[in-house]
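# Survey of secondary and tertiary structure
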Amino acid sequence: MIIFIKTKHMDYDHIRIITEQEIGQNLWELLEGNVINKIKNESKVEKTGNYYKYLLEGHSFKLGPELLPELYKPFKDVCEALNFTEAVEFYISNSPDFNASAASSQDEDEPHLVNLNSGLVNALDEDELRFVIGHELGHIISKNIDIKGVIEFVFPNYQGIPLILYNKISLWDKLSELTADRYGLIACGDPSKCVSAFFKMSSGLGLTRYNLNLATFLEENEKLLESFRKENTINVASHPMNPIRIKALEYFAQSTVYKSILDNKSIESDPALSSN
């Protein structure tokens, strides 16, 4: 088992992608995020976070240290690895789909929420699971989940977005996922486990019966990236393509930012990482 990272030096802003931060701040200001949040908090309409919590409590399984300590441990480990001390409730939903989600607290006395589908939990080993949990917590820590909430409030289901904003929101969506992946890597502590998690989530295959040749898989990943470059492939999905996510994590794993975290040192900006 991998020994996960525990660090006292966790400068969250240095972990995030600079362009993602800049576009996110721009979107927050353009859409009057502070005003929208005030409207949401003061309105009599039931808060989305509360509805989500009620839904999870009524139809999903809430994890705890006493009920299933072995399963709860990686969730607790990730919070410690990311130096995240705010209250979080973790849930498992009965679904074969490989999916996970998070919701940020809307009041100081309410916890954040993270939910993983059982299909994902059953397919991933403990270290791969840490990557996914860290990814979801990354959305909360970076507060990108709050920006996304404002976008969805103004443009429900992402419908009716003006063209002048559509490409900016689409780019920010993808960059926010890459930022969340960085938190996942810090929580997991092993780039190869992040890659094997992507393999399982994209193929649906487990590795109990098969041995994944990681070097060959990464070589194929490079070929796909080159093909994307030549063909100017367009991705209309909210998430970046997996080959891009894997390559972005490779850059981050080689950065002085990540190495500073491994060495438990103060994080400094990395010009090479910014250029990549």
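Residues numbered from 1 in each chain as written. Predicted model: local features only at pLDDT ≥ 70, side-chain atom pairs only at ≥ 80, totals over all residues. Heavy atoms only, no water.

### Brief notes about the overall build of the chain
For the chain, the count of helices and strands is 14 helices and 4 strands. Considering only residue pairs separated by 6 or more positions, the chain has 72% of its internal contacts joining residues 24 or more positions apart. (Helix = DSSP H or I, 4+ residues; strand = E, 2+ residues; numbered from the N terminus. Contact = heavy atoms within 4.5 Å.)

### So, the side chain of Asp 173
Counting through the fold element by element, Asp 173 comes out in helix H9 (residues 163-188). Taking the relative accessible area as the measure of exposure, Asp 173 reaches 5% and is therefore buried. Looking at Asp 173, its side chain comes within polar contact range of the side chain of Tyr 158, at 3.1 Å. (Buried < 20%, exposed > 50% of the residue type's maximum accessible area, 1.4 Å probe, protein only. Polar contact = N/O pair within 3.5 Å; in protein donor to acceptor, adjacent residues only side chain to side chain.)

### Observations concerning the confidence of the model for the chain
Here the chain shows a mean pLDDT of 88. Residues at 70 or above account for 89%. Per-element confidence in the chain is highest for helix H7 (residues 126-141), whose mean pLDDT is 97, and lowest for helix H14 (residues 271-275), whose mean pLDDT is 66. (pLDDT = per-residue confidence, 0-100.)

### Quick notes on the sheet that holds strand E2 (residues 88-93)
Pairing is mixed in the open sheet, where 4 strands are placed in the order E1-E2-E4-E3. Of all strands in the sheet, those bounded by a partner on one side alone are strand E1 (61-62) and strand E3 (100-103). Lying over the sheet, helix H5 (residues 69-81) contacts E2 and strand E4 (112-117), oriented at roughly 140° with respect to E2. Here H7 sits on the sheet in contact with E2, E3 and E4, set at roughly 145° to E4. (Pairing = 2+ DSSP bridges. Axes fitted to C-alpha atoms, helices over the stretch in contact; angles between N-to-C directions.)

### Re the environment of Asp 107
Tracing the backbone through its elements, the reader meets Asp 107 in the loop between E3 and E4. Between the C-alpha atoms of Asp 107 and Asn 41, which are 66 residues apart in sequence, the distance is 8.6 Å.

### Overview of the pattern of salt bridges
Scanning the entire structure with this criterion turns up 18 salt bridges. Across the pair Asp 77 and Arg 130 runs a salt bridge, and its minimum N-O distance is 2.7 Å. Separated by 53 residues along the polypeptide, Asp 77 in helix H5 and Arg 130 in helix H7 bring together distant segments of the chain. Both residues of the pair, Asp 77 and Arg 130, belong to the buried class. One salt bridge connects Asp 173 with Lys 148, and the closest N-O pair in it is separated by 3.1 Å. (Salt bridge = Lys/Arg side-chain N within 4 Å of Asp/Glu carboxyl O.)

### Some points on the packing of helix H3 (residues 33-42) against helix H8 (residues 144-154)
H8 packs onto H3 with a crossing angle of 75° between their chain directions and a minimal axis gap of 10 Å. As the angle between them shows, H3 and H8 are arranged roughly perpendicular. Counted together, Gly 33, Ile 36, Asn 37, Ile 39 and Lys 40 of H3 and Gly 149, Val 150, Phe 153 and Val 154 of H8 form the full contact between these two elements. Split into classes, the residues belonging to the contact of H3 with H8 amount to 5 nonpolar, 3 polar and 1 charged. (Parallel < 35°, antiparallel > 145°, perpendicular 65-115°, else oblique. Nonpolar A, V, L, I, M, F, W, Y, C, P; charged D, E, K, R; others polar.)

### Considerations on H5
What sets the pattern is the α-helix's 3.6 residues per turn: residues three or four places apart point alike. An ideal rise of 1.5 Å per residue puts 18 Å on 13 residues; H5 measures up with 18 Å between its terminal C-alpha atoms. The set of residues buried in H5 consists of Tyr 72, Pro 74, Phe 75, Asp 77, Val 78, Cys 79 and Ala 81. Against E2, E4, H7 and H9 lie the buried residues of H5. Two residues or fewer after H5 comes Asn 83, characterised by a positive phi angle close to 55°. (Expected span 1.5 Å × (residues − 1).)

### Some points on the environment of Lys 148
Mapping Lys 148 onto the fold places it in helix H8. Sequence spacing of Lys 148 and Trp 28 is 120 residues, and the spatial spacing of their C-alpha atoms is 9.3 Å. Discounting chain neighbours no more than four positions away, the residues touching Lys 148 are Tyr 158, Trp 172 and Asp 173.

### Quick word on the packing of aromatic side chains
Counted according to the given criterion, the structure contains 5 aromatic pairs. For the pair Phe 252 and Tyr 258, a centre-to-centre distance of 5.7 Å together with 50° between the ring planes defines the contact as tilted. Judged by relative accessible area, which is 3%, Tyr 258 ranks as buried. Over the ring of Tyr 251 we find Lys 247; its NZ or CZ atom is 5.4 Å from the centre of that ring. (Phe/Tyr/Trp six-rings, centres within 6.5 Å; stacked < 30°, edge-to-face > 60°. Lys NZ or Arg CZ within 6 Å of the ring centre and 35° of its normal.)

### Thoughts on the nonpolar core
Leu 82, Phe 90, Leu 116 and Leu 137 are the most contacted members of the largest nonpolar core, which totals 44 residues. Per-element tally for this core: the top contributor is H7, with 7 residues. The residues contacting Leu 116, other than those within four sequence positions of it, are Phe 75, Tyr 91, Ile 92, Ser 93, Asn 99, Ala 100, Val 121, Leu 129, Val 132 and Ile 133. Formed by 16 residues, the second largest nonpolar core is a distinct cluster that contains Ile 147, Val 150, Ile 169 and Trp 172. (Core = buried A, V, L, I, M, F, W, Y, C linked by side-chain atoms within 4.5 Å.)

### Section: the packing of H5 against H7
Packing of H5 against H7 brings their axes to within 9 Å, and their N-to-C directions diverge by 50°. Between H5 and H7, the angle falls in the class oblique. The chirality of how H5 crosses H7 is right-handed. Every residue of H7 that contacts H5 at Leu 71, Lys 73, Pro 74, Phe 75, Asp 77, Val 78 and Cys 79 is listed here: Glu 126, Leu 129, Arg 130, Ile 133, Gly 134 and Leu 137. A per-class count over the contact of H5 with H7 returns 8 nonpolar, 1 polar and 4 charged. (Left-handed = near helix turned anticlockwise from the far one by under 90°.)

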